[in-house]
Amino acid sequence: MKVHVDMALCESHGQCVFAAPDVFAFDDEEELVYEPSPGPGRRAAVEQAVLSCPVRAVALDGGTG
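In this text, all values refer to a predicted model and were calculated from it rather than measured experimentally. (Residues numbered from 1 in each chain as written. Predicted model: local features only at pLDDT ≥ 70, side-chain atom pairs only at ≥ 80, totals over all residues. Heavy atoms only, no water.)

A. Spotlight on the overall build of the protein. Helix and strand counts for the protein come out as two helices and four strands. Since a compact globule built from 65 residues should have a radius of gyration of about 11 Å, the 11 Å found for the protein is in line with a globular shape. The principal-axis extents of the C-alpha atoms in the protein amount to approximately 30 × 20 × 15 Å. The buried share among the 65 residues of the protein stands at 26%. Taking all contacts inside the protein whose residues are at least 6 apart in sequence as the whole, residues at least 24 apart take part in 61%. Total accessible area on the protein is roughly 4000 Å²; 52% of this is exposed by carbon and sulfur atoms. Counting 4 positive and 11 negative side-chain charges, the protein places the averaged centre of each group 13 Å from the other. (Helix = DSSP H or I, 4+ residues; strand = E, 2+ residues; numbered from the N terminus. Rg over C-alpha atoms; globule rule 2.2 N^0.38 Å. Buried < 20%, exposed > 50% of the residue type's maximum accessible area, 1.4 Å probe, protein only. Contact = heavy atoms within 4.5 Å. Areas by Shrake-Rupley, 256 points an atom, 1.4 Å probe, with all protein chains shown as cover. Lys, Arg positive; Asp, Glu negative; His and termini not counted. Charge placed at Lys NZ, Arg CZ, Asp CG, Glu CD.)

Have a look at this one:
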């Protein structure tokens, strides 16, 4: 599975961080950082992060790898 965040859309609401803290985080400059290829065990959390984003900046690309 591949995760993508459109940083042009992202407004740093942090809902993805709450939904999947093992995948999404804020760095020292308060910029969003994320794991682009999280393991399959994180799928449910990432799906919740996609649904939680108020500006729809987070996307998930199927696959399991």
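Now that the structure has been shown, the text picks up again.
B. Region of the structure containing helix α2 (residues 43-52). Here α2 has its buried residues at V46, A49 and V50. All buried residues of α2 project into a common sector of 100° when viewed along the axis, lining one side. Opposite the buried face of α2, at more than 90 degrees from it, the exposed residues are A44 and L51. (Arc of directions from axis to C-beta.)

C. Representation of the pairing of strand β1 (residues 2-5) in the model. Only one face of β1 is buried, namely the one carrying V3 and V5, since none of K2 and H4 on the opposite face is buried. Summarising the sheet, β1 and strand β4 (residues 58-61) pair through four bridges and their orientation is antiparallel. Bridged to K2 within β4 is D61. (Pairing = 2+ DSSP bridges.)

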